[in-house]
Amino acid sequence: MLVGLALVGVISSLMIVFLGQARTIMRIEKATEMQMEVDAASRFLETAISRAEPLPLSKSSPENVIYLSGEPGRIEFNGVQAIGFRSSALREIAVSLASEEHAEDTLTIVQKPRRGSENSNSSDSQSVRLIAGVTAIKFEYLDGSPGASLWSDTWSAQWRLPAAVRFTISVDRDGAAYSSAGFARLELADIQAQPTN
């Protein structure tokens with residue numbers, strides 16, 4: 001009987017050690033998966049922003065033509081986005097925290113169809129949730145014009161795209177903090193239209 005009790009005690013202590021290690025491994029796997037999700041959102045934004053087109057935003061006017069509108073927590077630009085299987089279209093894209101459909105801590109992308117010079121109907125806009133649990137996002141814009149080369153918190157230059165955009169996404173999930181930094185060099189930043197009289 002004593003031998004049996006001793007065996008049960010040994011098996012119990014081994015099970016406690018095993019369960020503790022299993023919990024640690026599960027926590028590490030969960031943290032790794034969450035960091036991979038935040039990094040994937042960052043890479044997606046890098047790709048989308050780097051393909052910004054030098055085309056006027058719908059809020060532009062003949063006196064104030066803006067290709068990209070940028071604030072610390074929001075960016076708007078025109079770009080080609082996938083809209084289905086093997087098809088893509090030019091869209092006006094806005095990336096920011098929250099929208100009417102999502103909670104305050106959700107990073108969303110709103111895509112609005114462009115229809116020539118006409119302002120598109122807001123009911124045609126599509127809001128896509130990129131990642132939830134976002135506590136902060138910060139965009140910065142690089143002015144690549146001669147002599148400028150400075151990072152700024154805002155961008156509203158006329159007839160120009162910034163040379164690059166960098167950003168940081170901060171996410172809080174289950175009491176753990178994750179972050180990912182992104183950098184997008186705008187491919188068409190050097191192709192600037194000249195205002196016509």
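Asker: Is there a simple way to think about the overall build of the protein in this case?
Answerer: The helix and strand tally for the protein stands at one helix and nine strands. For the protein, the α and β elements follow one another from N to C terminus as α-β-β-β-β-β-β-β-β-β. Per-residue burial over the protein gives 33% buried out of 197 residues. Partitioning the intrachain contacts of the protein with sequence separation of at least 6 by distance along the chain shows that 52% fall at a separation of at least 24. When the accessible surface of the protein is summed, it comes to about 11,900 Å², and 57% of that surface belongs to carbon and sulfur atoms.

Asker: Help me out: how do you make sense of the side chain of Ser-180 in this one?
Answerer: Along the chain, Ser-180 falls in strand β9 (residues 176-185). Look at Ser-180 and you get buried, because its relative accessible area is 6%. Among the polar contacts made by the side chain of Ser-180, one reaches the side chain of Ser-42 at a distance of 3.4 Å. In this view, Ser-180 contacts Gln-35, Val-38, Asp-39, Ser-42, Arg-43, Phe-167, Thr-168 and Ile-169; residues no more than four positions away in its chain are not counted.

Asker: Please clarify how the pattern of salt bridges should be interpreted in this entry.
Answerer: Working definition: two side chains of opposite charge can pair if their charged atoms are close together. Going through the model one piece at a time under the given rule, you end up with nine salt bridges. Its salt-bridge partner being Arg-74, residue Glu-76 comes within 3.4 Å of it at the nearest N-O pair. Where Lys-138 meets Asp-153, a salt bridge forms, and the shortest distance between an N and an O atom there is 3.9 Å. Placement of the pair is Lys-138 in strand β6 (residues 134-142) and Asp-153 in the loop between β7 (151-152) and β8 (164-173), with a sequence separation of 15 residues. In this structure Lys-138 comes out as partly exposed when scored by relative accessible area, which is 40%. Given the relative accessible area of 35%, Asp-153 is considered partly exposed.

Asker: Would you mind showing me how to read the environment of Ala-31 here?
Answerer: Counting through the fold element by element, Ala-31 comes out in helix α1 (residues 2-50). The spacing of Ala-31 and Ala-177 is 146 residues in sequence and 9.4 Å in space, taken between C-alpha atoms.

Asker: Help me understand the sheet that holds strand β5 (residues 126-131), please; the structure alone is not making it clear to me.
Answerer: The strands making up a sheet associate through backbone hydrogen bonding, with each pair oriented either parallel or antiparallel. Taking strand neighbours across the sheet as the criterion, the five strands line up as β1-β2-β3-β4-β5 in an open arrangement whose pairing is antiparallel. Edge positions in the open sheet fall to β1 (68-71) and β5, since each of these has one partner strand only. Along the sheet, successive strands turn relative to each other by an average axial angle of 40°, direction set aside. Pairing of strand β2 (residues 74-84) with strand β3 (residues 87-97) involves ten bridges; the strand directions are antiparallel. Each bridged residue has a counterpart across the sheet, and for Arg-74 the counterpart in β3 is Ser-96. In the packing of α1 onto the sheet, the strands contacted are β2, β3, β4 (107-113) and β5, and the crossing angle to β5 comes to about 135°.

About the cut-offs
Residues numbered from 1 in each chain as written. Predicted model: local features only at pLDDT ≥ 70, side-chain atom pairs only at ≥ 80, totals over all residues. Heavy atoms only, no water. Helix = DSSP H or I, 4+ residues; strand = E, 2+ residues; numbered from the N terminus. Buried < 20%, exposed > 50% of the residue type's maximum accessible area, 1.4 Å probe, protein only. Contact = heavy atoms within 4.5 Å. Areas by Shrake-Rupley, 256 points an atom, 1.4 Å probe, with all protein chains shown as cover. Polar contact = N/O pair within 3.5 Å; in protein donor to acceptor, adjacent residues only side chain to side chain. Salt bridge = Lys/Arg side-chain N within 4 Å of Asp/Glu carboxyl O. Pairing = 2+ DSSP bridges. Axes fitted to C-alpha atoms, helices over the stretch in contact; angles between N-to-C directions.

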